[in-house]
Each structure stands twice: as structure tokens, then as C-alpha cells.
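For reference, the chains in residue letters:
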2 protein chains.
Amino acid sequence: MSMQIELVTSRDNRHIKQAVKLRNSGRLRRELGLFVLEGARLCGDANASGVHIDSLFFTDDARAKYDAVEGLIAAADSVYCVSDAVFDKLAETAAPQGVMCICRMPEGGADLSPTGRYIACENLSDPSNLGALARTAEALGSDGLILLGGGCDPYSPKAQRAAMGSLLRLPIFRFDDAVGGANELIGIGLKLYAAVVDSTAASVGEAGFGDGSVIVIGNEGNGMSERLISVCQNRVYIPISGRAESFNAAAAATILLWEQLKERSADEQ
Amino acid sequence: MSMQIELVTSRDNRHIKQAVKLRNSGRLRRELGLFVLEGARLCGDANASGVHIDSLFFTDDARAKYDAVEGLIAAADSVYCVSDAVFDKLAETAAPQGVMCICRMPEGGADLSPTGRYIACENLSDPSNLGALARTAEALGSDGLILLGGGCDPYSPKAQRAAMGSLLRLPIFRFDDAVGGANELIGIGLKLYAAVVDSTAASVGEAGFGDGSVIVIGNEGNGMSERLISVCQNRVYIPISGRAESFNAAAAATILLWEQLKERSADEQ
């Protein structure tokens, strides 16, 4: 913690350059275990969720306007008050609020539970889809999001924006090898349900998801890999009416999550 | 119908200019009752769905590559074979396929039924959301999409792209006055369910949607107007778990549609 505030008016300041690099490079984020968040709401949410704030950048206008800034100043290891011109370099959005943080990725955290209810995705490519998926999963009471075989970075600014804070609260589990990861899940007693577009699979209404279930969805364009489908113990599909040929990825994931989690939400009330 | 093909190599050709205007102006589309579609799949779908093809623009490469082009040549009133440079002016997408149509908006069509199951949206602002909503509604077996109080144009290129043909097949009903439209729906015997973020409303699982139901959702940012909510006979909400504050508009609409339509899909199988 530090209340010492450094003034930054040069766009070439090394802390500014480092923040821009972290914003743009998934590789650097993973290497350093750091990521950036932009916006008063998202940065405030991170602080409230116990995320470690490494650095805070804010403009004078933002400090006057957003209550969250004082809490962030108190929490951050390093604090930089920057000019509007400098913030324009930091910002990814068109009309920036003037608040950005460099945060530390949560380490370890929750363990996978054999009675949990999870959603897994293989190689999802659109960070906005990933963020939206996390938001829906959290809102419906999921125990966590499992990332199989790479795909887009949950710590990218786009994913974090779409998640509205859910990616900071929902437990995230990453397995670089999709099939290896699936086998680990099965090893601890979880049942995997591969979401497929194939009417010979079990209909989602009859799938009987319950405790210890993992819904697995594929890449937006290419679906799941055959290898991963063959490892999953169950296959599930959503019946399609009319002449539509498929659901978009977000709609399919929402329906599956709803069916997996709705009894549970009812139980908890 | 015409098999006469006009060659166009000038970007200033008046037919090209007219197509670009139609692509960009919702007002002109409504005035003329025409709209544009781009891409072999979407244009072919429109033709298969009985949409009247006013004009077809294609490149030689596209004719060689996409089977749909011959059918479109046979169906279109006017046919233009254009150079790649001309097509670049027509195209809205980054890597255009070289196929575009000017289509006539379907007239009248289906009547609203007192036993139908519909989704209505008030003043939806994002055409991609509108298109995705239509795609999900058709895939789940909805009887139609009701647009209350303006909002974005279902005939815009963005909406049509996201809909993947569903906006050409699903009956669309438009009421410029949201409250007046809602009263018309009630007048023919439909029950309106306003989707609200308010835990004193009926939970979606207990709402008891059935024949003659209309789910009403609001604008992405502002929700529904108070006036429209007060006209609806029922209010419904989706219970939220965890610390998420809300669902995104697409996820909420998907869950509501699923609950409204799933028994029905099961009945029909």
C-alpha cells in the first residue's frame, strides 16, 4: 500500500509503456501474471473482489467524478496521476473514464470439486464471447469456468469488459491440453457433457445434468474437436425448430447453462 | 425474371450508387420497401424463402465459386455482373464473396394469432442483437418477432447478417407506437409478460408461459419504458445468483424464449 502519488505527463514514461504492452500482449500478461482493467466500475469491482492492485493510473477529472478512485489509491502498490493526453495513450475505449489498473492474476484459488457444476469451452476464440459466458455462468450460479486447449485470454481487456467483473469472481481453471484436461476432470469424478449439433445425442431437456456435471462447448466456428467429444461421457444437443440450422454459440451456451443450473438456483432460494 | 446480364465496370454506375444508398439508409429502405443482402449463403436463403429479388450483383469469381448464383440470376428482375473494384464499393464486409442482392420487403404476410407465442422488443438499438434474437427465436419455434416503438432496422445489413436468414423467415410485426402496439396485442387476446430486473415479479420458472403469450424485453441499456411495463398484464424476472448484477440482453432473451417455447418444441416432436 502507498499513498505516494507520482505525476506523469509524458507518454514515454516507462510505467505507461508497460501498461500499454500488458494491454496488448497476452503472452506478456501470462509471463508476468499481470493484466490491465479499464474503467471506474471494473477497477472498483476488482478491488472489492480482493484482486491485488499493482498499479493505478487516474486523471484528476476521474478522481473528482468516481468514488472508487480513493479506495483504489489506498489499495494500489503504485499510484500514478496522469494527464489526459497520457491517459489517451493508455485507454482502449473511445471515451475513456480516466481510470486504469494493472492487477495481479489470482493464484491457485478454488479447487475443482467432484460435486460442482461447471462450464468448459475448448479453444473459444472471441474474448467478448468468453466474457459474456462468464457473466451468464456467474449469474446462474455456476461453480466455475474451465478453459480447455488454449483459446482467447480471459485476462484480455475485451473479455474483462464483456464479463462486467464476473471473470474476477468466478473460479477459472485452465488446461493447455484439452484432452488431458478432460481426462483430469473425469479422474476426479466429474461427468462431461459434450454439446453437439447432432439429433442422435440426448436432448438437453432429458440430459439430467446434476451435481458433478461439466458442460463442454466448442469453438464458435469449428465446434469441438472429435478427440475431445470422444473423451466426454455424454453428448447433448438442443432441438432445433423451423428452418434455422443452428444456434449461435452464446445462445447455445446460455440454454445449456440454464438447464444445468436452474434447479440448483431454485434449491438455494 | 430476366437472363439478360448487364456488365458494370464503373463505380459511378447508378445501380451501384442506389445499392450503396440502400445499404446505408434505413429511411430509404422503408421508403422504397427494398433492402440489401450480401453473401452467397444469405442471398441464396432469401431466394429459397420466396423473397423477391429485385437486383443481383455478382463477380465472375463468385459465379464460378457459389452454386447459389445461377438460381439468383434466374430469379432476379435485373442482373449485373460487376468488376472486383465495383464490388468493393458495394460490399460492407472486409473479404467480400462477390454476391449482393437488392430484395423486396415481404408485405403483410402472417396475421398475429391469439394462440401464438411471440417475443417483442421495445426500441432495441443494436442490429446484431436483433438479428441474434431472431435466429434464436426461429430455432426455438417462435411464431414471430414484434418490434415495439421503433429501434434498429431489421432490414439493415448487420441485423440480416446476425440473423443468418431467420429475419427472412420469421414473421415480423412492427408497431411504431409501443404502448399502442401493446394494447393491440392485448386486444386480440394475447398475454404480455414484461421482462424486468425486479425480484418481486414472477420468477421465469413459475411464469407459466403458454399459448397466446408475448415476452416483452426492453432496450439493451435502458430496459423497458415504465409506460410499457404498466400496460403488460404480467411481469417476469430471471433469478440471479452470485454477485453478478444482471444478465446481458441476449442471455436474458435466450432464457425467456427457451422457457416460453420448450414445452412446445417437445409437443411437436
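Keep in mind it's a predicted model, so treat the numbers as computed, not measured.

Observations concerning the overall build of chain A
Then comes step 1: When helices and strands are counted, chain A shows 12 helices and 12 strands.
Then comes step 2: Here the C-alpha atoms of chain A give a radius of gyration of 20 Å, agreeing with the 18 Å that 2.2 N^0.38 yields for 269 residues.
Then comes step 3: Overall, chain A is about 65 × 35 × 35 Å in size when its C-alpha atoms are taken along their principal axes.
Then comes step 4: A burial count over chain A gives 54% of its 269 residues as buried.
Then comes step 5: Counting contacts in chain A only where the partners sit at least 6 residues apart, residues at least 24 apart contribute 76% of the total.
Then comes step 6: Within the structure as shown, chain A displays about 11600 Å² of accessible surface, and the carbon and sulfur contribution to it stands at 46%.
Then comes step 7: Here chain A contributes 25 positive and 34 negative side-chain charges, whose respective centroids are spaced 4 Å apart.

A closer look at the pattern of salt bridges
Side chains carrying opposite charge are able to pair once their charged atoms draw close together.
All names here are of chain A.
Then comes step 1: Inspection of every chain in the model, using the stated rule, returns 28 salt bridges over all chains.
Then comes step 2: One salt bridge in this structure joins Arg 27 and Glu 31, with 3.9 Å as the shortest N-O distance. Taken together, the residues Arg 27 and Glu 31, both in helix α2 (residues 26-32) and 4 residues apart, mark about one turn of the helix. Taken individually, Arg 27 and Glu 31 each receive the classification exposed, so the pair is uniform in this respect.
Then comes step 3: The closest approach of N and O atoms between Asp 211 and Arg 117, which form a salt bridge, is 3.0 Å. You can see Asp 211 sitting in the loop between β10 (202-203) and β11 (213-217) and its partner Arg 117 sitting in strand β6 (residues 117-122), a full 94 residues away along the chain.
Then comes step 4: Exposure remark for Asp 211: the relative accessible area of 45% places this residue in the partly exposed category.
Then comes step 5: Look at Arg 117 and you get buried, because its relative accessible area is 6%.
Then comes step 6: Each of Arg 41, Asp 45, Glu 138 and Arg 169 takes part in a single network of salt bridges with overlapping partners.

A closer look at the pairing of strand β3 (residues 53-58) of chain B
Residues and elements named next belong to chain B.
Then comes step 1: Counting buried residues along β3, 6 of its 6 residues qualify, which places the element largely inside the surrounding structure.
Then comes step 2: In this sheet, strand β5 (residues 99-104) lies alongside β3 in antiparallel orientation, the contact comprising 5 bridges. Its bridge partner being in β5, Ile 53 is matched across the sheet by Cys 103.
Then comes step 3: Relative to strand β4 (residues 78-82), β3 is paired through 4 bridges, and the arrangement is parallel. Each bridged residue has a counterpart across the sheet, and for Phe 57 the counterpart in β4 is Tyr 80.

Section: the sheet that holds strand β1 (residues 5-8) of chain A
All names here are of chain A.
Then comes step 1: Read from one edge of the open sheet, 5 strands run β1-β4-β3-β5-β2, paired in mixed fashion. What marks the edges here is a single partner per strand, and that holds for β1 and β2 (34-38). Geometrically, the sheet is characterised by an average inter-axis angle of 20° between neighbouring strands, direction not taken into account.
Then comes step 2: Together, β1, β2, β3 (53-58), β4 (78-82) and β5 (99-104) form the strand contacts of helix α1 (residues 14-24), whose direction differs from that of β2 by roughly 95°.
Then comes step 3: This element, helix α5 (residues 68-75), spans β1, β3, β4 and β5 of the sheet and lies at about 135° to β3.

Looking at helix α1 (residues 14-24) of chain B
Residues and elements named next belong to chain B.
Then comes step 1: Every buried residue of α1 is listed here: His 15, Ile 16, Ala 19, Val 20, Leu 22 and Arg 23. One face of α1 carries all of its buried residues, which in axial projection span an arc of 160°. Residues Arg 14, Lys 21 and Asn 24 are exposed on α1 and point more than 90 degrees away from its buried face.
Then comes step 2: The backbone nitrogen of His 15 lies 2.8 Å from a side-chain oxygen of the residue at the head of α1, namely Asn 13.

Here's the deal with the relation of the copies chain A and chain B
Then comes step 1: Note on the copies: chain A fits chain B at an RMSD of 0.0 Å, the axial shift is 0.0 Å, and the rotation between them is 180°. Such a turn and shift between the copies fits a two-fold axis.

Re the side chain of Glu 122 of chain B
Residue and element names in this part refer to chain B.
Then comes step 1: Relative to the helices and strands, Glu 122 is located in strand β6 (residues 117-122).
Then comes step 2: Within the buried set, Glu 122 has no salt-bridge partner at all; the shortest N-O distance to an opposite charge, 7.7 Å, is to Arg 227.
Then comes step 3: The residues touching Glu 122, leaving out its near neighbours within four places in the chain, are Leu 148, Ala 178, Ile 217, Gly 218, Asn 219, Gly 223, Met 224, Ser 225 and Leu 228.

A word on the confidence of the model for chain A
Then comes step 1: Predicted confidence across chain A gives a mean pLDDT of 91, with 96% of residues reaching 70 or more.
Then comes step 2: ipTM for the predicted complex: 0.85, alongside a pTM of 0.87.

Quick word on the interface of chain A and chain B
Then comes step 1: The partner chain B presents 32 residues to the 32 residues of chain A that form the contact.
Then comes step 2: Between chain A and chain B the total buried area reaches about 2600 Å² when both faces are included, carbon and sulfur atoms providing 53% of it.
Then comes step 3: Inspection of the chain A/chain B interface yields 2 salt bridges.
Then comes step 4: The partner of Lys 262 of chain A in a salt bridge is Glu 259 of chain B, with the nearest N and O atoms 3.2 Å apart.
Then comes step 5: Our count for the chain A to chain B interface comes out at 10 residue pairs in polar contact (both at pLDDT 80 or more).
Then comes step 6: Elements represented by at least two residues in the side of chain A that touches chain B include exactly α3 (40-48), α7 (127-139), α9 (166-169) and α12 (249-268) of chain A.
Then comes step 7: With 7 residues, the single largest contributor to the side of chain A that touches chain B is α12 of chain A.
Then comes step 8: Grouping the amino acids of the side of chain A that touches chain B by side-chain chemistry returns 13 nonpolar, 11 polar and 8 charged.

Reading the values: the criteria
- Residues numbered from 1 in each chain as written.
- Chains lettered and ligands numbered in written order.
- Predicted model: local features only at pLDDT ≥ 70, side-chain atom pairs only at ≥ 80, totals over all residues.
- Heavy atoms only, no water.
- Helix = DSSP H or I, 4+ residues; strand = E, 2+ residues; numbered from the N terminus.
- Rg over C-alpha atoms; globule rule 2.2 N^0.38 Å.
- Buried < 20%, exposed > 50% of the residue type's maximum accessible area, 1.4 Å probe, protein only.
- Contact = heavy atoms within 4.5 Å.
- Areas by Shrake-Rupley, 256 points an atom, 1.4 Å probe, with all protein chains shown as cover.
- Lys, Arg positive; Asp, Glu negative; His and termini not counted.
- Charge placed at Lys NZ, Arg CZ, Asp CG, Glu CD.
- Salt bridge = Lys/Arg side-chain N within 4 Å of Asp/Glu carboxyl O.
- Pairing = 2+ DSSP bridges.
- Axes fitted to C-alpha atoms, helices over the stretch in contact; angles between N-to-C directions.
- Arc of directions from axis to C-beta.
- Polar contact = N/O pair within 3.5 Å; in protein donor to acceptor, adjacent residues only side chain to side chain.
- Least-squares fit on C-alpha atoms with pLDDT ≥ 70 in both.
- pLDDT = per-residue confidence, 0-100.
- Buried area = accessible area lost by both parts, 1.4 Å probe.
- Nonpolar A, V, L, I, M, F, W, Y, C, P; charged D, E, K, R; others polar.

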